[in-house]
Structures are given as structure tokens and as C-alpha cells.
Amino acid sequence: MRILASCTNGVLRFNSVKDFAPSRSCGASFGPFNASVQRRWKKPVSTAQTRLESRTRDLKLDGLMRETKRLKLALRIAELMSRRKKGPFVSMQTMSRWSNIAGVSTGVGVGGFVRKYPHVFDVFTHPVRRNACCRVSEEMKGLIREEEGVVRAAELDAKNRVKRLLMMSKGGRLHVHALRLMRRELGLPEDFVESILKRYLNDFNLVDVETVELVSRNESLCVAQVEKWREKEYTEKWLSEFETMYAFPVSFPTGFKIVSGFRDKLKNWQRLPYIKPFEQSEAVWIRSCGGLERFEKRVVGILHELLSLTVEKMVDVQRLAHFRRDFGIEINIRELILKHPGIFYISTKGETEMVFLREAYQKGCLIMPNAMYDVRMKMIDLLLMGCRNIKKLHVQSGIKEESAPVEQEQEKSVRMGIDDHWVVSILDRSADENSRVHASASDSP
């Protein structure tokens, strides 16, 4: 009996231990068998998404990105309107189907977007069909023509940009599709394949339809933009060559928190040697000591030079991914950009991720503007006017409407005058023929 009682007590104790065991649903790790085991807390995961959400915002660049997004939508709608062969205007009913094509949100719609900017789009009632129609304003048309003229005038600069990209590429080759996606950012004309790639045969060679190859290198173009800054820092600020030889210009946004040890890491990274973008020397072994850091710094140099070649010093992050294979980039570009907030800035306004070159901007404006940038800023100014100063537009449209009937009457009178002369000439001819017939009849016996 004593043996049986001891066995039952052991079973009861075992069941009581099970009651204290932690369940799978709760994350508790406490129990009689692991009471002495220390509980380790997991470190917060640092990924590209978490760094993107917790980054310090630059409100000026975010505002510029918002207006740039609206300008792209307006130019896209104007391009769709220009493709119509029926006339210079399009009915609002037809434009309501362009929401997905133009990229306008379904809540606003193309009609709502167009009516927000009367200085860019002119909404009027058709005189015959009596339906709402839209056309691009004359001022916006003039700016579009001005931008096309500036792009044509800077054809030589566009050729040099493409050549510098080819000299940075792996094997001297680029995909034409990647250039086509960044055509507007690089300031290339719409027909750059015929006007640049096929025209300058001493510089480029089209291997096939979608691949362009470099024919000859120009060593005078193999100077990166950051090299000019390094030379200026070395000569003007009397910094040592060891400090400026591999350094990059760094400027953090307002409110950026500098944690302990960050300055030392930044100083060591600035001194780290790397293979520069235009140097085609030995390959970098990533698995070697310091190989990953040197390879990442080379990619930073390539992205810095690529952004320096653009017109507005900003590019869509997704379009940069099309150059990964051509430039030999084997790491995540988005994650690398977020690691260097003093050199690059990513803005997520407008449902896209746009990367800016921080050193090129100050208070949301380009420090060294160019002709293309000035024209695009004029377009943005038209958008920012919104519905203001509409009375001037109504006065101009009233003058045009008053002058239109006068011109129509003049054209009508001219046509009627031509028709009257034409009818009179026919009658004169018929009268002459009748007189000749009577004369011949009277002469005959």
C-alpha cells in the first residue's frame, strides 16, 4: 500500500508540473525546469523598410517631389491629347477613360485634375456639339516648345552624358531600354536613338536593337563630379590629401540625430580607398577584408556620378535598378542609398520613391540650375497658380471669341467674292458663246 501511495503522489506531482509548463500560445518561458535560464530579448530588426520609415524627413525636397509628380501627370495628359488626330481638343468624356493610362487616382479622375489647373488646360464648351472639351493652354504649349528647343540645342551635352555612362559601365555596354526610361532625366531628345546613337558613329555602335556599345574612350570626360569638389576642398580649405582623396560631400537634413560613435565611423568611411567609377582596374573581392565596404563605396561613387549627370539631380529608384547589370552592382540599391542619408535622400511623396543628390539642393532649389530646369520650373509655376488670376484668362478668351466672328466673316466674304467672280466669269463666257452662235447663224444663207 505504501508503494502504491508513493506512485500516485509521483503522478500527481508530474501533472502539477505540466500545469506550470508554458503554453504555445503565450510566449512565457518560465517553469520549474528553466527557471535558471536567462531570457534573451531579440534586437530590433533593421531593414531597408524600417530605415525608410524612421529616416529624417526633408520637407523642402518632399514638397518639390509633390509638385514634380503633378507636372509629370500634366505632361502625360498633354502628350495623350497631342496624339489625337481629330483635332487640338479632346472631349471630357473621352478623357475620363485615361485615368489608368495617365496614372491619375480614380478618386480625382482626369476631369477633376484638369479643372484644378486652368492655366495649363483650357476647358470650354464645343460650339456645335455643346459638350465639354479640353485643350492645352497656349502658355503651356509655348513652354513645351521651349523645352524641346533647349533639348535640341544641348544635343552635344546629351551625347557626352551617354558616353560617360558607357565609360562607367561594365564592358562598355548599356541597354537602350534603360536609357529610354531615363530619357527625360538625362535631357535626351525623344528620338535619341536616331539623332545621337546612330549619328555619332565614332562614339557609339548599336550591337543590336537594345544594346549600345562604346567605340572610343575620351579621357577628358573621365573626371567625376566629386573629383572637382575634392580639388576645391584641398586647395581652398587647406585640407590634407589623406582626408579628401576618397571623401564625399555630406550634408544631413535638419533634425538628424547623430548617435555616439557615428562621427568616427563616418570619418573612417570617408578615408576608405575604393575603385573610382571611371577606373576599370582589378575586381573587388567582396569576401576579403574590407572588400564589402570598398565595393559599396564604389557603388556610391557610381550612383553619385549618375545623379550628377541628370538634369534635376534626381532619379526614380526603380529606374536605377535597370542599370544594375550594366554597372555590375550586386547589392540592393535602395538599401545602400538609405545607409548614406548625408549623400542621398529618398522621398516617397507621389506614390514613387525618388532619390535626390543632397549636395545639389539648398532649401528645395537646385544650386546650379540649367536651361531645362528653368523651363520645368516655369511649368511648375503655372501649376502652382491653380485657379488664381482666372480673370485674365477670361479676358483673353473673350478677345479671341470676339475676333473669331470677324475673321469668319472676312473669310466668308473672301470666299463669296471668289465665288461671285467665278460665276460672273462663267456667265461672260456663256454670253460670248451665244453671241458667236447668233453671228454664225446670221452669216449662214
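Residues numbered from 1 in each chain as written. Predicted model: local features only at pLDDT ≥ 70, side-chain atom pairs only at ≥ 80, totals over all residues. Heavy atoms only, no water.

Chemist: Which parts of the structure should I look at to understand the overall build of the chain?
Modeler: Across its full length, the chain holds 20 helices and eleven strands. Partitioning the intrachain contacts of the chain with sequence separation of at least 6 by distance along the chain shows that 66% fall at a separation of at least 24. Looking at the chain as shown, the accessible area adds up to about 28,500 Å², and 54% of this sits on carbon and sulfur atoms. (Helix = DSSP H or I, 4+ residues; strand = E, 2+ residues; numbered from the N terminus. Contact = heavy atoms within 4.5 Å. Areas by Shrake-Rupley, 256 points an atom, 1.4 Å probe, with all protein chains shown as cover.)

Chemist: Would you take a moment to explain the sheet that holds strand β2 (residues 121-125) for this structure?
Modeler: Read across the open sheet, the three strands follow the order β1-β3-β2; overall the sheet is antiparallel. The sheet is open, and its two borders are formed by β1 (90-91) and β2, each paired with just one other strand. (Pairing = 2+ DSSP bridges.)

Chemist: How should I be thinking about unusual backbone geometry in this particular structure?
Modeler: If a residue is not glycine, its phi is most likely negative; likewise, a peptide bond is most likely trans. The backbone phi angle of Lys313 is positive, close to 55 degrees, even though this residue is not glycine. Tracing the chain through its elements places Lys313 in the loop between α15 (291-309) and β7 (314-316). In this structure Lys313 comes out as buried when scored by relative accessible area, which is 17%. Its identity as a non-glycine residue notwithstanding, Lys363 has a phi of 55 degrees, on the positive side. Tracing the backbone through its elements, the reader meets Lys363 in the loop between β10 (361-362) and β11 (365-366). With relative accessibility at 70%, the residue Lys363 sits in the exposed group. (Buried < 20%, exposed > 50% of the residue type's maximum accessible area, 1.4 Å probe, protein only.)

Chemist: I would appreciate a short explanation of the nonpolar core in the present structure.
Modeler: The nonpolar side chains of soluble globular proteins are, as a tendency, buried together. Counting residues in hydrophobic clusters, the biggest one holds 100 residues, and the most contacted among them are Met95 and Phe121. The leading source of residues in this core is helix α3 (residues 59-82), at eleven residues. What Met95 contacts, discounting residues up to four positions off in sequence, is Ile77, Met81, Val90, Val110, Val114 and Cys134. (Core = buried A, V, L, I, M, F, W, Y, C linked by side-chain atoms within 4.5 Å.)

Chemist: Before we go on, may I ask you to explain the environment of Gln225 in this structure?
Modeler: Topologically, Gln225 is positioned in helix α12 (residues 225-236). Separated by 81 residues in the primary sequence, Gln225 and Leu306 place their C-alpha atoms 9.7 Å from one another.

Chemist: Looking at this model, I keep getting lost on the sheet that holds strand β8 (residues 344-347). Mind explaining?
Modeler: Either a parallel or an antiparallel arrangement is found when strands of a sheet pair, and the pairing is made through backbone hydrogen bonds. Strands sit in the order β7-β9-β8 across an open sheet of three strands; the sheet is antiparallel. Each edge of the open sheet carries a strand with a single partner, namely β7 and β8. Adjacent strand axes in the sheet meet at a mean angle of 25 degrees, parallel and antiparallel pairs treated alike. As paired elements, β7 and strand β9 (residues 354-357) share three bridges and run antiparallel to each other. Its bridge partner being in β9, Val315 is matched across the sheet by Val355. Each of β7, β8 and β9 touches α15; the most contacted strand, β9, lies at about 85 degrees to it. (Axes fitted to C-alpha atoms, helices over the stretch in contact; angles between N-to-C directions.)

Chemist: Honestly, the packing of helix α8 (residues 155-168) against α15 in this entry has me stumped. Any pointers?
Modeler: The description of two packed helices rests on the angle between their axes and on the distance between the axes. In the contact formed by α8 and α15, the axes pass within 11 Å of each other and the chain directions differ by 170 degrees. Classified by the angle between their axes, α8 and α15 sit roughly antiparallel to one another. Residue-level inspection shows Arg161, Arg164, Leu165 and Met168 of α8 in contact with α15, the latter providing Glu305, Leu306 and Leu309. Classifying every residue of the contact of α8 with α15 gives four nonpolar, no polar and three charged. (Parallel < 35°, antiparallel > 145°, perpendicular 65-115°, else oblique. Nonpolar A, V, L, I, M, F, W, Y, C, P; charged D, E, K, R; others polar.)

Chemist: Which parts of the structure should I look at to understand the pattern of salt bridges?
Modeler: When the charged atoms of two side chains with opposite charge come close together, those side chains can pair. Taken as a whole and judged by the stated rule, the model has 23 salt bridges. The salt bridge involving Glu67 is made with Arg70; its shortest N-O contact spans 3.4 Å. Of this pair, Glu67 and Arg70 both sit in helix α3, three residues apart, roughly one helical turn. Judged by its relative accessible area of 14%, Glu67 is buried. Under the relative-accessibility criterion, Arg70 is labelled partly exposed at 30%. When salt bridges that share partners are traced, they join Glu147, Arg184, Glu312 and Arg376 into one network. (Salt bridge = Lys/Arg side-chain N within 4 Å of Asp/Glu carboxyl O.)

Chemist: Sorry if this is basic, but what is going on with α3 here?
Modeler: Every α-helix winds through 3.6 residues per turn, so residues three or four apart in the chain are directed the same way. Between its first and last C-alpha, α3 extends 35 Å over 24 residues, near the 34 Å set by a 1.5 Å rise per residue. The N-cap residue of α3 is Asp58: its side-chain oxygen and the backbone nitrogen of Lys60 are 3.3 Å apart. (Expected span 1.5 Å × (residues − 1). Polar contact = N/O pair within 3.5 Å; in protein donor to acceptor, adjacent residues only side chain to side chain.)

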